[in-house]
Amino acid sequence: MTAGVYDSANVVREPIELLRDMLEEQFVTHTNRLTELTVYGRLPGHGGYDPDALRVLAAAAREGIADTAQALRRMSEGSYGVCEGCHNDIPLDRLRALPHVPYCVSCQRRQPR
Ligand SMILES: [Zn+2]
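Now for a look at the structure at hand.

Rules and cut-offs
- Residues numbered from 1 in each chain as written.
- Predicted model: local features only at pLDDT ≥ 70, side-chain atom pairs only at ≥ 80, totals over all residues.
- Heavy atoms only, no water.
- Phe/Tyr/Trp six-rings, centres within 6.5 Å; stacked < 30°, edge-to-face > 60°.
- Buried < 20%, exposed > 50% of the residue type's maximum accessible area, 1.4 Å probe, protein only.
- Helix = DSSP H or I, 4+ residues; strand = E, 2+ residues; numbered from the N terminus.
- Donors = N, O, S within 2.8 Å, 3.2 Å for Na, K, Ca; no water.
- Salt bridge = Lys/Arg side-chain N within 4 Å of Asp/Glu carboxyl O.
- Axes fitted to C-alpha atoms, helices over the stretch in contact; angles between N-to-C directions.
- Parallel < 35°, antiparallel > 145°, perpendicular 65-115°, else oblique.
- Left-handed = near helix turned anticlockwise from the far one by under 90°.
- Nonpolar A, V, L, I, M, F, W, Y, C, P; charged D, E, K, R; others polar.
- Core = buried A, V, L, I, M, F, W, Y, C linked by side-chain atoms within 4.5 Å.
- Contact = heavy atoms within 4.5 Å.

Turning our eyes to something else, we now look at the packing of aromatic side chains. Working definition: an aromatic ring pair is given by the centre-to-centre distance plus the angle between the planes. Applying the stated rule across the entire model yields 1 aromatic pair. With centroids separated by 5.1 Å and ring planes inclined at 45°, the aromatic side chains of Tyr40 and Tyr49 adopt a geometry described as tilted. You can call Tyr40 partly exposed: its relative accessible area is 25%.

Not every positive phi belongs to a glycine, and His46 is a case in point at roughly 55°. Inspection of the secondary structure assignment puts His46 in the loop between α1 (15-42) and α2 (51-77). Positioned with a positive phi, His87 is a non-glycine residue whose angle comes to about 65°. Topologically, His87 is positioned in the loop between α2 and α3 (92-97). When its relative accessible area of 60% is taken as the criterion, His87 is described as exposed.

Only Cys83 (SG), Cys86 (SG), Cys104 (SG) and Cys107 (SG) from the protein reach the zinc ion as donors, at distances of 2.3 Å. Its relative accessible area of 32% is what places Cys86 among the partly exposed residues.

One pass over the full model with this rule turns up 5 salt bridges. A salt bridge links Arg74 to Glu84; its shortest N-O distance comes to 3.7 Å. You can see Arg74 sitting in helix α2 and its partner Glu84 sitting in the loop between α2 and α3, a full 10 residues away along the chain. The class of Arg74 is buried, set by a relative accessible area of 4%.

What follows is about the packing of α1 against α2. It is at 8 Å that the axes of α1 and α2 come closest, and there the two elements cross at 155°. In terms of orientation, α1 and α2 fall into the roughly antiparallel class. Handedness of the crossing formed by α1 with α2: left-handed. Per-class residue counts for the contact of α1 with α2 are 16 nonpolar, 6 polar and 4 charged.

For the rest of this paragraph, the subject is the nonpolar core. With 12 residues, the main nonpolar core is built from Leu19, Leu23, Ala71, Met75, Tyr80, Cys83, Ile90, Leu95, Val101, Tyr103, Cys104 and Cys107. Every element with two or more residues in this core is listed here: α1 and α2. Ignoring any residue separated from it by four or fewer positions in sequence, one finds Cys83 in contact with Asn88, Ile90, Pro102, Tyr103, Cys104 and Cys107. Leu54, Ala58, Ala61 and Ile65 belong to the second largest nonpolar core, which has 6 residues in total.

What is shown is where atoms sit, not what they do.
Put into structure tokens, the structure is as follows:
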């Protein structure tokens, strides 16, 4: 066995693997949330939710699912972490905070929304 960083007990995993775990976790969270909201929407009295609030929350969950699914697709295509606006690398700190983002901060600001 050779001595090196990878032999240490505290192996540093590839950041991309950690980000993939985060994205997969977010995907599951959003999916479960949407399922839950869909069930509430069918209940008499909407499970205590206001129907409009329920629609807004379901739309947000759907958007979360789409965002994370797209990020996972970029990961499998190898384009993950590259800004779709300026094609520069998105800083790792930004990806750690928001693993699904397709833009760097300055391009994000330029997006219509
Ligand atoms: Zn950019």
